[in-house]
Amino acid sequence: MKRYTCPMHLQVMKDEPGKCPICGMDLVPMGGSQKQSHSHHHHHHDTHSDHSNHSAGGYNKHEGHHTNDFLKRFWVSLILTGPILLLSEMIQNWLGFQISFPGDKYVLLALGVAIYIYGGMPFLKGMVGEVKAKAIGMMTLVAIAITVAFVYSVAVVFGLPGMDFFWELATLIVIMLLGHWLEMRSQMAASKALQSLVALLPNEVTVERNGEALKIKLEELKNGETVIIRPGEKIPADGVISGGNSSVNESMLTGESVPVKKQAGGKVIAGSINGDGMLKITATGVGKDSYLNKVINLVQEAQEAKSNTQNLADKVAKWLTFIAIAVGVGTFIYWFSSSGDLAFALERMVTVMVTACPHALGVAIPLVVAISTTLSATNGLLIRNRTAFETTRNLSTIIFDKTGTLTQGSHAVERVIPVTDEYTADDIIMYAAAVQQNSEHHIAKGVMTTLKERSLELWNSEDFQYMQGIGVQGVVNKKKVVAAGPNYFKANNLSMPEIPTEINQDAETVNFVLINDKVIGIITLADSIRQGSQEAIDELRKMNIKSFLLTGDNEHIAKAVSDKLGMDGFMANVLPHQKQEKVKEYQAAGEIVAMTGDGVNDAPALAQADVGIAVGSGTDVAAETADIILVNSDPRDVMKLVDFGKRTYKKMVQNLIWAVGYNVVAIPLAAGILYPNFVLSPAMGAVLMSVSTIVVAINASLLKLKPLK
């Protein structure tokens, strides 16, 4: 389903296009299906294209159109303000000149009406929208303020004793329009990030049909087609390379700056950029199915989800609006009753309302959310659950699943040791591979990799049997072949064969190969520690976060890895269904726990943990139970995530403090607390209000991820 949002009021979400109830701006699509997001990309430079053409295609036009509308109203209002200032009695008194002619006050009235209606329209419309949406805020306050100033000034023209307010009204509207335009610009720049993800796809692709290379539009591409990607071109869909060698830059999706070498059989991701070689790929994930589109949808969902901090900001903004109206009315009553000066009392009331607009509060959090979600997505951290992401800053314990997270998990074959003269090392690999080929176990994968590396033949096997926790067996070349660990001998009450001393049993997994119940060789496999694991654990220690290793492997191996990395402890021989229990134990002891795992058997533990972090190997975005997915299986991303969680929260707090603190200072000044030494004019109040929002927007856009050394 497609969602639409207002670029200014990110909290407004609708399921169909329309106008924002708060500011009347056209709603724009968020991410969305490939076809639409693609067409959006297509229309970037085409301002005159038909409006009805693709809902998403109109995105930039509407948005720019609306922003420019504020700019246009600003210029017209500024031109009208000139003569208003010249004809205002107050300004003439200040500057010591005089311009008067019969009916001058009616000319002033006409100009005042023009600027109120033309310049004030966005605010008046906005007020109606806010009242209808029961979300009274910024627009309502500005509209009340300019209306009070306008009505009073008209009354003066028609005989009410006092001095008119038209010059205040004009300067106020001009400044509010300019401020609003600047604000929209800085906010759009900040929330454009999601669009930059959509723009990663090319408009056209070259496909091979009937032996010919044809250029077609991206939306016409189908799964299974062969795509030709020339050097420097963007990859249009997820796929498998069927020909060619190249290096591909995937940094915009994974944050990994070094281009990745790709050859036949390798996978590529839509949106990455081809290097200097020519590639042919078979498309497997087109449009909605592509990794990029899943990322866009995830980012979108995360941006839509309101977190606790956001709810707090919304509440505060609502209260500030009511406080501003109450203080404004109270200020008017105080000054009018104490001085009897209606004009001064009204001016104070108008200033309070304009100065106290809680707009900075309204954008303080949504902007940080929009920026942090997209920034993390382009750096390989996919946030699926905002609340869990906010919890990362309080983590006290992180549990790492060993295989595939802290270690390569590849279980590479270390040694092949023949026990009899009858069989060579290559024979041992071929027999082992023949029975292992039907197994998904990491030992099987290691053996199969070695078979490929040595270019050996893969034999057929029959009667395959998987013995849980022990090994595999089958019939190869009419011989009974077993590939199994030490448990096989215990289970069958056989005496354990001698293990050569050169094997380091703390770090190597030992696998025996038996033919017709006779050991013919030993294969050892070692799991190498991932690059970056050491740095990740060291950094976590600096952050006072405990790290524990969780593994189904034996105590020796678990201890070896845990000690080598200097972790706080380990849990070995843990079966998949016990992982969740282990997480519960830590939570029961009052720890805030993150679980980091790479897969299917970690799902219950990931769901149980306060923060579930899935280490995804790239394209499998659907790590359904995790709150956060690390696209690159780099353990340093865990600490990057914790650090980014802290930075994001810090930015939110800074923005909240700034937005609230500004009002605490500005409202009393506007009410006239320092009168007569200092009086804040309505125009100055408007300047302060706009500046405070712009400061919040700029502060949000300064959010950065900690770079890896």
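Given the structure is predicted, the values throughout are model-derived calculations rather than measurements.

Draft legend 1. Representation of the overall build of the chain in the model. The number of helices and strands found in the chain is 23 helices and 25 strands. Here the chain holds 709 residues, and 54% of them are scored as buried. Counted over contacts in the chain with a minimum sequence separation of 6, partners at least 24 positions apart contribute 67%. Looking at the chain as shown, the accessible area adds up to about 30700 Å², and 57% of this sits on carbon and sulfur atoms.

Draft legend 2. Broad picture of helix 12 (residues 359–377). The terminal C-alpha atoms of helix 12 lie 28 Å apart, and with 19 residues this matches the ideal 27 Å at 1.5 Å per residue to within 8%. Burial analysis of helix 12 places 17 of its 19 residues in the buried class, which makes it a mostly covered element.

Draft legend 3. Molecular detail of helix 15 (residues 425–436). Counted at 1.5 Å a residue, the expected span for helix 15 with its twelve residues is 16 Å, and the 16 Å between its end C-alpha atoms agrees. Counted residue by residue, helix 15 has nine buried out of twelve residues, so it is predominantly covered. Residues of helix 15 that are buried: Ile428, Ile429, Met430, Tyr431, Ala432, Ala433, Ala434, Val435 and Gln436.

Draft legend 4. A look at the nonpolar core. Ile84, Phe166, Leu169, Met176, Val350, Ile398 and Phe400 are the most contacted members of the largest nonpolar core, which totals 106 residues. Look past the residues within four positions of Leu169 in its chain and what remains in contact with it is Gly112, Ile115, Tyr116, Ile146, Ala149 and Phe150.

Draft legend 5. Spotlight on the confidence of the model for the chain. Chain-level statistics for the chain give a pLDDT mean of 83 and a share of 87% at 70 or above. Least confident of the elements in the chain is helix 1 (residues 34–42), whose mean pLDDT is 34; most confident is strand 22 (residues 569–571), at 95. Confidence over residues 31–63 falls short of pLDDT 50; this stretch has 66 contacts with residues more than four positions distant or in other chains.

Draft legend 6. Summary view of the UniProt feature "transmembrane region" (unreviewed entry) in the chain. Here, the residues flagged by UniProt with the feature "transmembrane region" (unreviewed entry) are residues 74–94, 106–124, 136–159, 165–182, 316–337, 349–377, 656–675 and 681–703. This span, residues 136–159, is 83% helix and 0% strand, and a straight line between its end C-alpha atoms measures 34 Å. Taken end to end, residues 349–377 has its terminal C-alpha atoms 46 Å apart, with 90% of it in helix and 0% in strand.

Draft legend 7. Expanded view of the packing of aromatic side chains. Tallied over the full model, the rule gives 15 aromatic pairs. Seen in terms of ring centroids, Tyr431 and Trp459 are 4.9 Å apart; in terms of plane orientation they differ by 70°. Their pairing is edge-to-face. Of the two residues, Tyr431 is situated in helix 15 and Trp459 in the loop between helix 16 (442–453) and strand 16 (462–467); the sequence distance between them amounts to 28 residues. Residue classification places Trp459 among the buried positions, given a relative accessible area of 17%.

Draft legend 8. Focus on a nonpolar patch on the surface. Taken together, the side chains of Val131, Ile136, Trp319, Phe322 and Ile323 define a hydrophobic patch exposed on the protein surface, amounting to about 490 Å² of accessible area. Position of Phe322 among the secondary structure elements: in helix 10 (residues 308–339).

Draft legend 9. Highlighting the sheet that holds strand 22. Ordered by their spatial adjacency, seven strands build an open sheet running 13-25-24-23-14-21-22, and the pairing between neighbours is mixed. Looking along the sheet, the strands with just one partner apiece sit at the ends: strand 13 (381–383) and strand 22. If you compare each strand with its neighbour and ignore which way they point, the axes differ by 20° on average. The strands touched by helix 19 (residues 555–565) within the sheet are strand 21 (546–550) and strand 22, with strand 22 carrying the most contacts at an inclination of about 155°.

Draft legend 10. Region of the structure containing the pairing of strand 8 (residues 246–249). Both strand 8 and strand 9 (residues 260–262) contribute to a ladder of three bridges, which runs antiparallel. Directly across from Val248, in strand 9, lies its bridge partner Val260. For strand 8 and strand 11 (residues 273–274), the ladder comprises two bridges, and the chain directions are antiparallel. Looking across to strand 11, one finds that Asn249 is bridged to Ile273.

Draft legend 11. Examining the pairing of strand 21 more closely. Among the five residues in strand 21, four count as buried, and that is most of the element. As paired strands, strand 14 (residues 397–401) and strand 21 are joined by five bridges and run parallel to one another. In the sheet register, Ile398 faces strand 21, and the bridge partner there is Ser547. The pairing of strand 21 with strand 22 spans three bridges and is classified as parallel. Within strand 22, the position partnered with Phe548 by the bridge is Gly569. The parallel pair strand 21 and strand 22 is bridged by helix 19, and the resulting crossover is right-handed.

Draft legend 12. Up close: the sheet that holds strand 7 (residues 238–243). Taken together, six strands build an open sheet; the order of strands is 5-4-6-12-7-10 and the sheet is antiparallel. In this open sheet, the two strands that pair with only one neighbour each are strand 5 (212–217) and strand 10 (267–268). Examined bridge by bridge, strand 7 and strand 10 share two bridges and lie antiparallel to one another. Following the sheet pairing, Val240 is matched in strand 10 by Lys267.

Draft legend 13. Spotlight on the environment of Glu457. Looking at where Glu457 falls in the secondary structure, it is placed in the loop between helix 16 and strand 16. Of the residues examined, Glu457 reaches a relative accessible area of 53% and is grouped as exposed. Along the sequence, Glu457 and Asp426 sit 31 residues apart, while their C-alpha atoms lie 9.8 Å from each other. Apart from residues no more than four positions distant in its own chain, Glu457 is found in contact with Met430 and Leu451.

Draft legend 14. Here's a closer look at the side chain of Ser533. Locating Ser533 in the fold gives a position in helix 18 (residues 533–542). Take Ser533: its relative accessible area is 0%, and that puts it in the buried class.

Draft legend 15. Just the pattern of salt bridges, in detail. Under the defined criterion, the tally for this structure stands at 18 salt bridges. Between Asp69 and Arg73 there is a salt bridge, with the nearest N and O atoms lying 3.2 Å from each other. Pair noted here: Asp69 and Arg73 are both in helix 2 (residues 59–87), with a separation of four residues, about one helical turn. Its relative accessible area of 13% is what places Arg73 among the buried residues. In this structure, Asp563 and Lys559 form a salt bridge, with 2.6 Å as the shortest nitrogen-oxygen distance. Of the two residues, Asp563 and Lys559 are both situated in helix 19; the distance of four residues between them amounts to about one turn of the helix. A residue is classified by how much of its surface remains accessible, and Asp563, at 46% relative accessible area, is partly exposed. Through salt bridges that share partners, Glu535, Asp634 and Arg636 make up one connected network.

Parameters and conventions
Residues numbered from 1 in each chain as written. Predicted model: local features only at pLDDT ≥ 70, side-chain atom pairs only at ≥ 80, totals over all residues. Heavy atoms only, no water. Helix = DSSP H or I, 4+ residues; strand = E, 2+ residues; numbered from the N terminus. Buried < 20%, exposed > 50% of the residue type's maximum accessible area, 1.4 Å probe, protein only. Contact = heavy atoms within 4.5 Å. Areas by Shrake-Rupley, 256 points an atom, 1.4 Å probe, with all protein chains shown as cover. Expected span 1.5 Å × (residues − 1). Core = buried A, V, L, I, M, F, W, Y, C linked by side-chain atoms within 4.5 Å. pLDDT = per-residue confidence, 0-100. UniProt positions renumbered as here; feature names shortened; annotations may be inferred. Phe/Tyr/Trp six-rings, centres within 6.5 Å; stacked < 30°, edge-to-face > 60°. Patch = residues over 30% accessible without salt bridge, like charges linked within 9 Å, V, L, I, M, F, W, Y side chains within 5 Å. Salt bridge = Lys/Arg side-chain N within 4 Å of Asp/Glu carboxyl O. Pairing = 2+ DSSP bridges. Axes fitted to C-alpha atoms, helices over the stretch in contact; angles between N-to-C directions. Right-handed = clockwise from strand over helix to strand, strands pointing away.

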